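Remarks on the overall topology
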Amino acid sequence: MIGVGKPKQYGNVLDKPLSRGRQEVSLSAFAFLFSELVQYNQTQVDNIAELERRLEDAGYAVGARVLELLCHRDKGNRRETRLLGILSFIHSTVWKVLFGKVADSLEKGTEHEDEYMISEKELLVNRFISVPKDMGAFNCGAFVAGIVRGVLDGAGFPAVVTAHFVPIEGQQRPRTTILIKFAEEVLRREARLG
């Protein structure tokens, strides 16, 4: 019978095929690891803005690697070249790989042509975080904003990405909105491509 016997041995780790493997990570393990990341960075900074910047920088590294992995696995090393294509890729594919579901919404800003928003009712990184009163509006969503910025920069779409809380009427917890403000060069390129 085919497939019975010893598993195939690889002489080098680089010879192993890139399989999807187990795609789940224990939620409690992630919560613990992320909590340690926040606590460590909290001891290294003096204010909330600096803490959010450090979380965003950590997320940026994750985003760059996620883009490489997904482009290699799912797209045959092809990358998105259009603005709506990359936003849809982040909203659906990246979000599903990272958080197990598609983001709640992707919207274009009404006030500015260069702004887009990805909204999540209960962002995973904010789910288990209780912010002390002295930290005010600290938002762990800065980590996810960094991931989005890493994906966008790696794909050639430079942008300023920030995380914001948006209150929902009748809800105790606000939703998190990832605000993406693209660089002028991205909009010019998109207009050229038509």
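Everything below is about the structure printed above this text.
In short, a report on the structure. Values in this document were obtained by computation on a predicted structure and should not be read as measured data.

Quick notes on the rules
- Residues numbered from 1 in each chain as written.
- Predicted model: local features only at pLDDT ≥ 70, side-chain atom pairs only at ≥ 80, totals over all residues.
- Heavy atoms only, no water.
- Salt bridge = Lys/Arg side-chain N within 4 Å of Asp/Glu carboxyl O.
- Helix = DSSP H or I, 4+ residues; strand = E, 2+ residues; numbered from the N terminus.
- Buried < 20%, exposed > 50% of the residue type's maximum accessible area, 1.4 Å probe, protein only.
- Contact = heavy atoms within 4.5 Å.
- Polar contact = N/O pair within 3.5 Å; in protein donor to acceptor, adjacent residues only side chain to side chain.
- Axes fitted to C-alpha atoms, helices over the stretch in contact; angles between N-to-C directions.
- Parallel < 35°, antiparallel > 145°, perpendicular 65-115°, else oblique.
- Left-handed = near helix turned anticlockwise from the far one by under 90°.
- Core = buried A, V, L, I, M, F, W, Y, C linked by side-chain atoms within 4.5 Å.

**What to know about the pattern of salt bridges**
Scanning the model with the defined rule gives 11 salt bridges in all. One salt bridge connects Asp 153 with Arg 149, and the closest N-O pair in it is separated by 3.8 Å. Of the two residues, Asp 153 and Arg 149 are both situated in helix α5 (residues 141-154); the distance of 4 residues between them amounts to about one turn of the helix. Using a relative accessible area of 27% as the deciding quantity, one classes Asp 153 as partly exposed.

**Considerations on the environment of Asp 104**
Mapped onto the elements of the fold, Asp 104 is located in the loop between α3 (83-99) and β1 (105-108). In this structure Asp 104 comes out as partly exposed when scored by relative accessible area, which is 42%. Between the C-alpha atoms of Asp 104 and Glu 122, which are 18 residues apart in sequence, the distance is 9.2 Å. Not counting residues within four places of it along the chain, the set of residues in contact with Asp 104 comprises His 91, Ser 119, Glu 120 and Lys 121. At 2.6 Å, the side chain of Asp 104 and the backbone nitrogen of Lys 121 are in polar contact.

**So, the packing of α3 against α5**
Each pair of packed helices can be summarised by the angle the axes make with each other and by the distance between the axes. Running from amino to carboxyl end, α3 crosses α5 at an angle of 130°, the nearest separation of the two axes being 11 Å. Judged by the inter-axis angle, α3 sits oblique to α5. Viewed along their axes, α3 and α5 form a crossing whose handedness is right-handed. Facing Ile 86, Ile 90, Trp 95, Leu 98 and Phe 99 of α3, the residues of α5 in contact are Val 144, Ile 147, Val 148, Val 151 and Leu 152.

**Comments concerning the nonpolar core**
Ranked by size, the top nonpolar core spans 43 residues in total, and within it Trp 95, Leu 152, Ile 178, Ile 180 and Phe 182 carry the most contacts. Taken together, the elements giving at least two residues each to this core come down to α1 (27-44), α2 (48-74), α3, β2 (115-120), α4 (124-127), α5, β3 (159-166) and β4 (175-182). The contact partners of Ile 180, leaving out residues within four places of it in the chain, are Leu 87, Asp 114, Glu 115, Tyr 116, Ile 118, Val 148, Leu 152, Ala 159, Val 160 and Val 161.

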